[in-house]
Amino acid sequence: MSAGSGGERLNVSGRQLKGLTLDRITIPPDFTAVSGAQGYDAVTGTTEAVMKHFVSANLASPKQAGRGVFGLETAPDLGRGLAQDKYMSRHEVLSDVLKALGEAAGLGYDILPDLERHRFLFDVVEGADHTAGQRERGRVIFELSRKTALGLRYRHSAADSRNVFYTTRSGAQFADEALTIAYLREGEAQPVGIRRREKHLEISANTPEAGSEYEELRRLALIEAEEFKSAQSFTCELAQGPYVYRRDFQVGDVVTVRNRAWGVSMDARLTAMERRYDAGGVSYSATFGDAPLNVVGRLQRQIRKGV
């Protein structure tokens, strides 16, 4: 709240219900109030089933008293995402787990109020393709010349990108005996010289099937590698024009954003939407793609990965 010669001004900001996932970490199923060694919560199934397991176990209906959110339920499982997905987690922020699973399978998630039943409902969201190059559904193109965007800001950064991943399987008694393999992303050539940007990963690749350790290590390494791609994003001030948010597109959908004068065109996922309310009405600012990490973001990732 602020006051001046023109009167008083009250600024109110907040987060959506899905922000509840920022407030929980994944607790292993054998956790008790007594301190001691705890294992991992390892889950297999479709991506949707795995995501909803972690929400149920840590937010909607956890075993530990006090961790649940009253009235929160998970929607029925429709088997969306990868048919054979798996994830092993221990003390990770729940939102980070959902983000990692969803990005690999092209899924998002949301928590919405069910006003008739007085409940909150968690569900996954399948992003629809509204890009300029497809013709199966309505195309959504944000561009200044089309008057669908009032302003654009493009950011591209390779500062945190990596393209060679030396991956060590954790759990060996001696560090020099631990299995370490170098991986590249699918379809990428071996980078050389100044284009080579290396990263070490340490991964727990436990698997119930003997002989599949190498395959599991590679799968988990490539999931983590997605966090180290070059960051590209458009921030767009949306015009009150032909496209209506939640009718023609929503968070998770893939659309086309471009500026011909810059020579930049991007088919990008809508990752965040900010609404502002003032005397002139409601305005929208959309973020497409992933913005480069700031200092706080880098620290958070390092803490999460234990580096």
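## Digging into the overall build of the protein
From N to C terminus, the protein includes 4 helices and 16 strands. Looking at the protein as a whole, 37% of its 307 residues qualify as buried. Sequence separation of at least 24 residues holds for 66% of the intrachain contacts in the protein that already meet a minimum separation of 6. With an accessible surface of roughly 18,400 Å², the protein has 51% of that area assigned to carbon and sulfur atoms.

## Considerations on the nonpolar core
Within the largest apolar cluster, 22 residues are counted, with the highest numbers of intra-cluster contacts made by Phe142, Leu238, Phe249, Met273 and Phe288. It is strand S15 (residues 264–278) that provides the largest number of residues to this core, a total of 5 residues. Contact partners of Phe249, with chain neighbours within four places excluded, come to Val140, Phe142, Leu238, Tyr243, Val244, Leu270 and Met273. Among the nonpolar cores identified, the runner-up in size contains 21 residues, and Val43, Met51, Ala105 and Ile111 belong to it.

## Some details on the sheet that holds strand S6 (residues 107–114)
Spatial ordering of the open sheet is given by S4-S7-S6, a layout of 3 strands whose pairing is mixed. Of all the strands in the sheet, the pair left with one neighbour each is strand S4 (72–74) and S6. Strand after strand, the sheet turns through a mean of 30° between neighbouring axes, direction not considered. Pairing analysis gives 3 bridges linking S4 to strand S7 (residues 119–126), with the strands arranged parallel. Among the inter-strand pairings, Leu72 is bridged to a residue of S7, identified as Phe120.

## Overview of unusual backbone geometry
A positive phi angle, close to 65°, is found at His91, a residue other than glycine. For His91, the position within the fold is in the loop between strand S5 (85–89) and helix H2 (94–105). Looking at His91, the relative accessible area reads 36%, which means it is partly exposed. Non-glycine residue Lys147 carries a positive phi angle of around 65°. Structurally, the position occupied by Lys147 is in the loop between strand S8 (141–142) and strand S9 (149–157).

## Observations concerning the sheet that holds strand S11 (residues 180–183)
Strands sit in the order S11-S10-S12 across an open sheet of 3 strands; the sheet is mixed. Of all the strands in the sheet, the pair left with one neighbour each is S11 and strand S12 (198–203). Averaged over all neighbouring strand pairs, the angle between strand axes comes to 25°, with direction disregarded. Bridge count for strand S10 (residues 164–169) against S11 is 4 bridges, and the pairing is antiparallel. Looking at S11, one finds that Phe165 is bridged to Tyr183.

## Observations regarding the packing of aromatic side chains
In total, this model carries 9 aromatic pairs according to the counting rule given. Their ring planes at 45° and their centres at 5.0 Å tell us that Tyr154 and Phe234 sit as a pair that is tilted. Of the two residues, Tyr154 sits in strand S9 while Phe234 sits in strand S13 (residues 231–238), which places them 80 residues apart along the sequence. Clustering of aromatic rings is evident, with ring pairs tying together Phe142, Tyr243, Tyr245, Phe249, Tyr284 and Phe288. The ring of Tyr109 is capped by Lys18, whose NZ or CZ atom sits 4.6 Å from the centre of that ring. If you follow Arg119 out to its NZ or CZ, it ends over the ring of Phe70, 5.9 Å from the centre.

## Observations concerning the confidence of the model for the protein
The pLDDT averaged across the protein works out to 82; a share of 87% of its residues lies at or above 70. Contacts from residues 292–304, a stretch scored under 50 in pLDDT, to residues over four places away or in other chains number 15 contacts.

## Here we look at the environment of Asp110
Tracing the backbone shows Asp110 in strand S6. Leaving out residues up to four positions away in the same chain, Asp110 has contacts with Lys18, Leu121, Phe122, Asp123, Val125 and Arg246.

Rules used in this analysis
- Residues numbered from 1 in each chain as written.
- Predicted model: local features only at pLDDT ≥ 70, side-chain atom pairs only at ≥ 80, totals over all residues.
- Heavy atoms only, no water.
- Helix = DSSP H or I, 4+ residues; strand = E, 2+ residues; numbered from the N terminus.
- Buried < 20%, exposed > 50% of the residue type's maximum accessible area, 1.4 Å probe, protein only.
- Contact = heavy atoms within 4.5 Å.
- Areas by Shrake-Rupley, 256 points an atom, 1.4 Å probe, with all protein chains shown as cover.
- Core = buried A, V, L, I, M, F, W, Y, C linked by side-chain atoms within 4.5 Å.
- Pairing = 2+ DSSP bridges.
- Axes fitted to C-alpha atoms, helices over the stretch in contact; angles between N-to-C directions.
- Phe/Tyr/Trp six-rings, centres within 6.5 Å; stacked < 30°, edge-to-face > 60°.
- Lys NZ or Arg CZ within 6 Å of the ring centre and 35° of its normal.
- pLDDT = per-residue confidence, 0-100.

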